[in-house]
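Geometric and topological summary
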Amino acid sequence: MPHQLVLASRPTGSIIPGETFKLVEVPAPTEADVPNGHLLLESLYISMDPAMRGWLDDVRSYLPPVQIDEVMRASTVCRVIVSKSPKFKAGQIVTCVLGIREYGILPESQVENPFPFPPGSGLRASDLLGVLGMTGLTAWVGMTKIGQPKPGETVVVSAAAGATGSVAAQIAKIAGARVIGIAGGADKCRWLKQEVGLDVALDYKAPDFKKKLREATPNFVDVYFDNVGGEILDLTLARANKFARFAICGAISQYNSRTKQSALGQSFFNIITQRVRMEGFIVLDHVKEFPKALSELSKWVAEGKLKRMETVVKGGVKAAEGAMLQLFEGKNLGKLVVEVKNPEQDSAKL
């Protein structure tokens, strides 16, 4: 029987394996279960995103919280098994928010035809969750609409070896900026320097990190793309240049905190003295910009200007909870996805 991962209890801190979620078996859907205007879908790839932790809290936010005993929300790449919609056909690869489950039925309005890959781009289905998914779109919106880096400016990106940060950092490089990436561990920093081509890569776990950050920003910071919040945000704000732009994308260092309080200290006053513009954003507010963003992102990948990395966890829905823990432990390089079924495999016979 097919599996799905549902929310069993709301965590007050970190996700607790075997307690926060439960894996359940459900009957396999059939063609008879599909209403007109709906699609029966099978999952191929499931996206693992830091935002997932926020969806577990019963608080007001940009999306309603996942309810107890509800399938855990997640973006997915799926294949159409049965279509009762003139807009889609069986065998087609699509994107949607199916959640962490093997099969599901959605109305046609909740399913998207993916952006077409440029010829010879080397893009693959899982990229529809990464560089051509919400990950890439988030990086594009935050960097181009808020950060607006200019040639010669100093840009700092936290969690720069992660899914969103790695794309945001490269967008700043394409714009001609001097880019400093912050990541956890020597291997990630080496990748950022040698493979991605950033100007500086700093290991926030290193004992001399604060000193290195000061040394790397002699002319201060013009743009900061924040994925982590907390102390790193405070340290970077202390280095803010006049009229710096801070794009606040996420705060993963705080997501598992019981208090979720910012660590901004004396640096807070730099917002006033240096006239810093600090703006939080949600990518879903910029849907009208998506076609332009996807066109630019796919073009940069095809031209070799934008490199992407992904960490693929195999094992399907059963492996999803463990993959989520990897995400918050910082074990992934680039985009983290769970593979339920390789697109090269045949469609399911239900």
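Above this text is the structure in question.
So, here is what we can say about the structure in this document. (Residues numbered from 1 in each chain as written. Predicted model: local features only at pLDDT ≥ 70, side-chain atom pairs only at ≥ 80, totals over all residues. Heavy atoms only, no water.)

1. Quick word on the packing of aromatic side chains
Here the structure, examined in full by the defined rule, presents three aromatic pairs. Judged by centre distance (6.2 Å) and plane angle (70 degrees), the rings of F225 and F281 are edge-to-face. One end of the pair, F225, is in strand β11 (residues 221-226); the other, F281, is in the loop between β13 (277-280) and α8 (290-302), with 56 residues separating them in the sequence. Ring centres of F268 and F269 lie 6.0 Å apart, and the angle between their planes is 80 degrees; on these two criteria the pair is classed as edge-to-face. On the accessibility criterion, F268 (41% relative accessible area) is partly exposed. The ring of W55 carries R73 above its face, with NZ or CZ at 5.1 Å from the centroid. (Phe/Tyr/Trp six-rings, centres within 6.5 Å; stacked < 30°, edge-to-face > 60°. Helix = DSSP H or I, 4+ residues; strand = E, 2+ residues; numbered from the N terminus. Buried < 20%, exposed > 50% of the residue type's maximum accessible area, 1.4 Å probe, protein only. Lys NZ or Arg CZ within 6 Å of the ring centre and 35° of its normal.)

2. Looking at helix α2 (residues 134-147)
When you tally the buried positions in α2, you get 11 out of 14 residues, the bulk of the element. Those residues of α2 not exposed but buried are T135, G136, L137, T138, A139, W140, V141, G142, M143, I146 and G147. Positive phi shows up at Q148, right after α2, with a value of about 45 degrees.

3. Re unusual backbone geometry
Positive phi is not limited to glycine here, since A159 has a value of about 50 degrees. If you trace the backbone, A159 turns up in the loop between β8 (154-157) and α3 (163-174). Positive phi outside glycine occurs at F220, with the angle close to 70 degrees. On the secondary structure map, F220 appears in the loop between α5 (209-216) and β11. Among the residues examined, F220 registers a relative accessible area of 34% and is labelled partly exposed.

4. Examining the environment of L132
Locating L132 in the fold gives a position in the loop between β7 (111-112) and α2. Here L132 falls in the buried class, since its relative accessible area comes to 6%. Sequence separation between L132 and F117 is 15 residues, and the spatial gap between their C-alpha atoms is 9.4 Å. Beyond its immediate stretch of four places on either side in the chain, L132 contacts F117, L123, D127, L294, L297 and S298. (Contact = heavy atoms within 4.5 Å.)

5. Concerning the packing of α5 against helix α6 (residues 230-237)
α6 packs onto α5 with a crossing angle of 35 degrees between their chain directions and a minimal axis gap of 11 Å. Judged by the twist between their axes, the crossing of α5 over α6 is right-handed. Seen from α5, the contacting residues are F209, K210 and L213; seen from α6, they are E231, I232, L235 and T236. Within the contact of α5 with α6, the residues separate by chemical class into four nonpolar, one polar and two charged. (Axes fitted to C-alpha atoms, helices over the stretch in contact; angles between N-to-C directions. Left-handed = near helix turned anticlockwise from the far one by under 90°. Nonpolar A, V, L, I, M, F, W, Y, C, P; charged D, E, K, R; others polar.)

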